[in-house]
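As a plain string of letters, each chain reads:
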Amino acid sequence: MAATARRRRSNSPPVGPRAGARPAAIFGAGGSAGRRRRCPRGFPFSPLELLVFTSRTAVMLLPCVCLRGGCGMALPRLLVRTLHRAAAAAAPAAPDFNSFVPRTNTCGELRSAHVGQKVTLYGWVQYQRQGLFLVLRDFQGLTQVIIPQDEAHSHVKELLSSAPLESVVRVTGTVSPRPLGQENPKMPTGDIEVKAETAEILNSCKKLPFEIKDFVKKSEALRMQFRYLDLRSPRLQSALRLRSRLVMSMRQYLCNLHGFVDVETPTLFKRTPGGAKEFLVPSREPGKFYSLPQSPQQFKQLLMVGGLDRYFQVARCYRDEGSRPDRQPEFTQIDIEMSFVDQAGIQRLIEGLLQHSWPEERGSIMTPFPSMTYEEALAEYGTDKPDTRFGMKIVDISDVLRGSDIHFVQNALSHPHGSIRAICISQGVRYLTNKDLESLKESAKSQFNQEIMEIIRRPDGSLKSLLTKFLGEREKSGLIQALKIQEGDVVLLAAGEHKQVCCALGALRLLSANLLEAAGLALRDPTAFHFLWVVDFPLFLPKAENPTELESAHHPFTAPHPSDASLLYSDPTKVRSQHYDLVLNGNEVGGGSIRIHSAEQQRFVLEKVLKEDSEVLSHLIEALELGAPPHGGIALGLDRLISLIVDAPSIRDVIAFPKSFRGRDLMGNAPDYVTPEELEPYHIQVSWPLEEKEAKKN
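Residues numbered from 1 in each chain as written. Predicted model: local features only at pLDDT ≥ 70, side-chain atom pairs only at ≥ 80, totals over all residues. Heavy atoms only, no water.

Asks: So what about the pattern of salt bridges? Which residues, and what values?
Replies: Considering all chains together, one arrives at 35 salt bridges under this definition. One salt bridge in this structure joins Glu330 and Lys659, with 2.3 Å as the shortest N-O distance. Note that Glu330 is positioned in strand S11 (residues 330-339) and Lys659 in the loop between helix H21 (638-645) and helix H22 (676-679), a separation of 329 residues in sequence. Residues joined by salt bridges that share partners form a network here, namely Arg223, Arg227, Asp230, Arg235 and Asp653. (Salt bridge = Lys/Arg side-chain N within 4 Å of Asp/Glu carboxyl O. Helix = DSSP H or I, 4+ residues; strand = E, 2+ residues; numbered from the N terminus.)

Asks: Give a description of the environment of Thr433 that names residues and reports values.
Replies: Tracing the chain through its elements places Thr433 in the loop between helix H14 (428-431) and helix H15 (434-448). Note: C-alpha distance between Thr433 and Leu515 (82 residues apart in sequence) is 9.6 Å.

Asks: Tell me what's going on with the sheet that holds strand S16 (residues 463-464), and back it up with residues and numbers.
Replies: The strand order S13-S14-S17-S15-S16 describes an open sheet built from 5 strands, whose pairing is antiparallel. In this open sheet, the two strands that pair with only one neighbour each are strand S13 (395-396) and S16. (Pairing = 2+ DSSP bridges.)

Asks: Could you give an account of the side chain of Ser249, with specific residues and numbers?
Replies: Looking at the secondary structure, you find Ser249 in helix H8 (residues 234-258). Relative accessible area serves as the criterion here: at 16%, Ser249 is assigned to the buried category. Those residues within four positions of Ser249 in sequence are excluded, and the remaining contacts are His356 and Ser357. (Buried < 20%, exposed > 50% of the residue type's maximum accessible area, 1.4 Å probe, protein only. Contact = heavy atoms within 4.5 Å.)

Asks: Account for the pairing of strand S5 (residues 168-177), naming residues and giving values.
Replies: Burial of S5 is extensive: 7 of the 10 residues sit out of reach of the surface. Here 7 bridges tie strand S2 (residues 118-129) to S5, and the two strands are oriented antiparallel to one another. Directly across from Lys118, in S5, lies its bridge partner Thr174. When S5 meets strand S6 (residues 192-203), the two strands line up antiparallel, connected through 10 bridges. Residue pairing for S6: Val169 is matched across the bridge by Ile201.

Asks: Outline the confidence of the model for the protein chain, supporting the account with residue identities and numerical values.
Replies: In the predicted model, the protein chain carries a mean pLDDT of 88, and the fraction of residues at 70 or more is 85%. Note on residues 9-74: pLDDT is under 50 here. Beyond four places in sequence and across chains, it has 99 contacts. (pLDDT = per-residue confidence, 0-100.)

Asks: I'd like to hear about the environment of Thr143, residue by residue, with values.
Replies: You can see Thr143 is positioned in strand S4 (residues 142-146). Note on Thr143: relative accessible area 0%, which makes it buried. Separated by 37 residues in sequence, Thr143 and Thr106 place their C-alpha atoms 8.8 Å apart. When neighbours within four sequence positions are excluded, Thr143 is seen to be in contact with Cys107, Gly108, Leu110, Leu121, Leu134, Val135, Leu136, Met187, Thr189, Ile192 and Val194. Looking at Thr143, its side chain comes within polar contact range of the main-chain oxygen of Cys107, at 2.6 Å. (Polar contact = N/O pair within 3.5 Å; in protein donor to acceptor, adjacent residues only side chain to side chain.)

Asks: Outline the environment of Leu308, supporting the account with residue identities and numerical values.
Replies: By the secondary structure assignment, Leu308 is in the loop between helix H9 (297-305) and strand S10 (310-318). With a relative accessible area of 32%, Leu308 lands in the partly exposed category. Leu308 sits 30 residues away from Met338 along the chain, and the two C-alpha atoms are 8.6 Å apart. Not counting chain neighbours up to four residues away, the residues in contact with Leu308 comprise Val261, Val263 and Leu303.

Asks: I'd love a proper account of the pairing of strand S14 (residues 418-425), names of residues and values included.
Replies: In terms of burial, S14 is largely enclosed, as 7 of its 8 residues are buried. Note that S13 and S14 share 2 bridges and pair antiparallel. Bridge pairing in S14 places Asp396 opposite Arg421. The pairing of S14 with strand S17 (residues 490-497) spans 8 bridges and is antiparallel. Bridged to Gly418 within S17 is Glu497.

Asks: Can you explain H15? Please cite residues and give values.
Replies: Taking 1.5 Å as the rise per residue, H15 with 15 residues should run 21 Å; its terminal C-alpha atoms sit 21 Å apart, in good agreement. Among the residues making up H15, those that are buried are Asp436, Leu437, Leu440, Ser443 and Ala444. Along the long axis of H15, the arc covered by the buried residues comes to 120 degrees, so they all point the same way. H15 presents Asn434, Lys435 and Ser446 as exposed residues on the side facing more than 90 degrees away from its buried surface. In this structure, the buried side of H15 is in contact with H14, strand S15 (453-457), S17 and helix H17 (498-518). One or two positions beyond H15, positive phi appears at Asn449, with a value near 55 degrees. (Expected span 1.5 Å × (residues − 1). Arc of directions from axis to C-beta.)

Asks: Could you give an account of the sheet that holds S5, with specific residues and numbers?
Replies: Taking strand neighbours around the barrel as the criterion, the 5 strands line up as S2-S3-S4-S6-S5 in a closed arrangement whose pairing is mixed. The sheet shows a mean angle of 55 degrees between the axes of neighbouring strands, direction not considered. Those strands touched by helix H5 (residues 154-162) are S2, strand S3 (133-137), S5 and S6, and its axis lies near 75 degrees from that of S6. (Axes fitted to C-alpha atoms, helices over the stretch in contact; angles between N-to-C directions.)

Asks: Break down the state of the cysteines for me, with residues and values.
Replies: One pass over the structure, following the stated rule, counts 0 disulfides. Looking at the unpaired Cys502, the closest cysteine sulfur is the one in Cys503, lying at 6.9 Å. (Disulfide = S-S within 2.5 Å.)

Asks: Explain the packing of H8 against helix H10 (residues 343-357) to me, and be specific about the residues and the numbers.
Replies: Angle between the axes and distance between the axes are the two parameters that describe a pair of packed helices. Contact geometry for H8 and H10: axes closest at 9 Å, N-to-C directions at 130 degrees. Classified by the angle between their axes, H8 and H10 sit oblique to one another. When you trace H8 past H10, the crossing you get is right-handed. In this structure, H8 contributes Leu246, Ser249, Met250, Gln252, Tyr253, Leu254 and Leu257 to the contact, and H10 contributes Leu349, Gly352, Leu353, Leu354, His356 and Ser357. (Parallel < 35°, antiparallel > 145°, perpendicular 65-115°, else oblique. Left-handed = near helix turned anticlockwise from the far one by under 90°.)

This is how it looks when you write it as structure tokens:
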């Protein structure tokens, strides 16, 4: 049956002030739950006004409290003034960027209201023109500084005129309005300028390896080698500051509003069975190594056994995954665990967390998020992380072609899991070249060993394809109807094993979207944020290197779906898990599960299903035998989430000091060689390859 993303109904109260206030709960009876209360004149109460009137006594005494228009006149003047002061006091204060330092203002805050004031600015010289003026930059913005031309300030003119770009300077002067017609509406400070009176070069800059401007192209390797210079760019500054604000808001939501405890867990631990490969850290005990944890998974479960009830951490994690351009060997996740919770509870928590902390400048996000099963995602999108911003869904056309005489179709359908599926590329004839279509087919062949057939609908409504001579009018009409093929559309058809066909078409769907957008078709809105829960994953998958053996689809601590618990002992390949992923615009940004809290079940999964040595996890299994509560959690990938919010091309653009895609620190040249003497306490000897031996000598 056709699968659609469903929205979960939520009967729980909203979480946090940004998730929608419930005025009826504050103002007593009247108004339906979830509907915004209005004053007698129809003005809606604002969240700030609701915050002021939390006293039930005040509510009973006041006929109107919206303070808008003439409504405030219904209250005594003194009370109105008092309420306005209370509202102002409740509003969050703007940060003071000039505390504890000798500057009076930042380079981004001066306006016409500051005209006539004497100010002291600190910053970097971004631009200087013919000894007449310069542009001073700091983290908050730009200010134009007029270089004095009179004899009395000749030393200031000489100093500022000769300052190299990116030199650090202090300037003291008076704020003046710009001459009429010379205002710059593109600059927030474009209505004013500062006439310099005194100045000092705090640090002169030598010639730069690249200009500190976003529009100047430079290689990523060069940017990472001089990362401290790249950090001065407005783009990186903005991303890191947004990241800081979002994390602070998340911390406030979890700890202050919902009672989570922020706990730091160890970085040095031992190897965990399954999952990603871990970094090893030598110890002074011969042959014994620590592992850097790929996540605090075991520790957060043990915290639940310890009775903390609700845990949270901005956790540093490590994975030795080699050269992967979309990954980092060290990364950050928002790590969460709760006792006595189910899957729906975790989902409501995360929806509230994201809604509360979501940057206002990125618009609002609607909750609850749609939900889709793993099988539905695979069948319609060919992936477990669908990008739902555009259509082009995979359509099952097996029944349409079941009666045809096409050999490869009949061959596919003769197998138990055989399937015929297709995607329809709208306006494909207009936007895709023959070369594009050939590259799509070649991609499916090389990556998935999957043959692809194309069908084009001509302007006269007929179908053009190598298959048409084998199709009757009923099959042609059925294809047009099932795929909703319009004139100028291109259909890509695949036949074979269900999962292989879906994965191949899912990849072609994304490649086609890239080609269409490169040709000028607006397909995916970069400002739209489409969240999606993917649920009901299989608990186990066949190992790629040995399909007769099983591995955990998520990790070995994930609990089976309650409906499939009995299958765990009879047919584990058919067991669904209580694992859930959060997807944003086709990217996995979070994943979690309800955990196994039975020692017996955990031991069975490790020993009988996964064939792992349970002794490695004896501490966890013993803890589960000593009164472990039911528990579950989730981890949000902070780096990827921020990169999607700011539309960065890579997660490296939202990390202050990232590694290269090969896992190297190009700025500090890490990893680096160490001497045999330094290795000796760890009982390690290195057998150097000849070329590295020569490099080490030099």
